[in-house]
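# Architecture at a glance
For reference, the chains in residue letters:
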Amino acid sequence: MFRLHENRFTGVEDTLVKSFIDKYKDYELDFGDNSDTGAFYEQVRVPEIGRISDLGIMCQHRVVNIEFKLGDWKCLLSQSIDHLKWCDYSYVCVPINWLRMYPQVFYEEILKNGI
């Protein structure tokens, strides 16, 4: 998705979040069996789990969390799983060049936990 500079994203995490919002804010999003536009909220504090969501999306039928990371796959995995306690869907967004560096266990855990 963010194939900047020949598949190398060189910004910071906040830039990744803002790029995602700029790209998708005017489109309908598909989550589960619904296609809907949503309201985007950055840095959503969730005190019940002691976390902050990078991006929360409120659709008519769904509440969605997206975690953005430029490294630390273990933290990304842990945060994404924790956010499933309050949202309908939890997604991860990382630059494609980072995905190549993540170990197989990351992908196994993502699939196992429905992220």
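The model shown is predicted, which means the values in this text are computed figures rather than measured ones.

What counts, and at which threshold
Residues numbered from 1 in each chain as written. Predicted model: local features only at pLDDT ≥ 70, side-chain atom pairs only at ≥ 80, totals over all residues. Heavy atoms only, no water. Axes fitted to C-alpha atoms, helices over the stretch in contact; angles between N-to-C directions. Helix = DSSP H or I, 4+ residues; strand = E, 2+ residues; numbered from the N terminus. Parallel < 35°, antiparallel > 145°, perpendicular 65-115°, else oblique. Contact = heavy atoms within 4.5 Å. Pairing = 2+ DSSP bridges. pLDDT = per-residue confidence, 0-100. Polar contact = N/O pair within 3.5 Å; in protein donor to acceptor, adjacent residues only side chain to side chain. Salt bridge = Lys/Arg side-chain N within 4 Å of Asp/Glu carboxyl O. Buried < 20%, exposed > 50% of the residue type's maximum accessible area, 1.4 Å probe, protein only. Core = buried A, V, L, I, M, F, W, Y, C linked by side-chain atoms within 4.5 Å.

### Details of the packing of helix H2 (residues 73–83) against helix H4 (residues 104–112)
In helix packing, the relevant descriptors are the interaxial angle and the interaxial distance, both defined with respect to the helix axes. Look at H2 against H4: their axes get within 11 Å of each other, and the N-to-C directions meet at 5°. The angle between H2 and H4 places the two elements in the roughly parallel class. Across the interface between the two elements, Trp73, Leu76 and Leu77 from H2 touch Val105, Phe106, Glu109 and Ile110 from H4.

### Examining the pairing of strand S3 (residues 38–46)
In this structure, S3 lies alongside strand S4 (residues 51–59), joined through 8 bridges in antiparallel fashion. Following the sheet pairing, Glu42 is matched in S4 by Leu55.

### Quick notes on the confidence of the model for the chain
Looking at the chain as a whole, its pLDDT mean stands at 81, while 87% of the residues score no less than 70. Here strand S2 (residues 34–36) stands out as the least confident element of the chain, with mean pLDDT 68; strand S5 (residues 63–68) is the most confident, with 91. This stretch, residues 1–7, has a pLDDT under 50; its non-local contacts, to residues over four places away or in other chains, come to 14 contacts.

### Focus: the side chain of Ser53
Tracing the sequence through the fold places Ser53 in strand S4. In this structure the side chain of Ser53 is engaged in a polar contact, spanning 3.2 Å, whose partner is the backbone oxygen of Leu55. Sequence-distant contacts of Ser53, defined by excluding residues within four places in its chain, comprise Glu42, Gln43, Val44, Asn65, Ile66, Glu67, His83 and Trp86.

### Let's talk about the pattern of salt bridges
Taken as a whole and judged by the stated rule, the model has 7 salt bridges. Residue Lys18 is joined to Glu42 by a salt bridge in which the shortest nitrogen-to-oxygen separation is 3.0 Å. Of this pair, Lys18 sits in helix H1 (residues 13–24) while Glu42 sits in strand S3, placing them 24 residues apart in sequence.

### Some points on H2
Listed as buried for H2 are Leu76, Leu77, Gln79, Ser80, Asp82 and His83. Against S3, S4, S5, strand S6 (89–93) and H4 lie the buried residues of H2.

### Examining the environment of Val63
By secondary structure assignment, the location of Val63 is in strand S5. Among the residues examined, Val63 registers a relative accessible area of 22% and is labelled partly exposed. Taking C-alpha positions, Val63 is 9.0 Å from Gly38, a pair spaced 25 residues apart along the chain. Not counting residues within four places of it along the chain, the set of residues in contact with Val63 comprises Ile57, Met58, Trp86, Cys87, Asp88 and Tyr89.

### Topic: the nonpolar core
Among soluble globular proteins, nonpolar side chains are generally buried collectively. Counting residues in each nonpolar core, the largest one holds 15 residues, and the members touching the most others are Phe20, Phe31, Phe40, Leu55, Ile57, Ile66 and Phe68. When residues of this core are traced back to their parent elements, those giving at least two are H1, strand S1 (29–31), S4 and S5. Ranked by residue count, the leading element in this core is H1, at 4 residues. Ignoring anything within four residues of it in the chain, the contact list for Phe68 reads Glu13, Leu16, Val17, Phe20, Asp54, Leu55 and Cys93. Membership of the second largest hydrophobic core comes to 7 residues, among which are Leu76, Leu77, Phe106 and Ile110.

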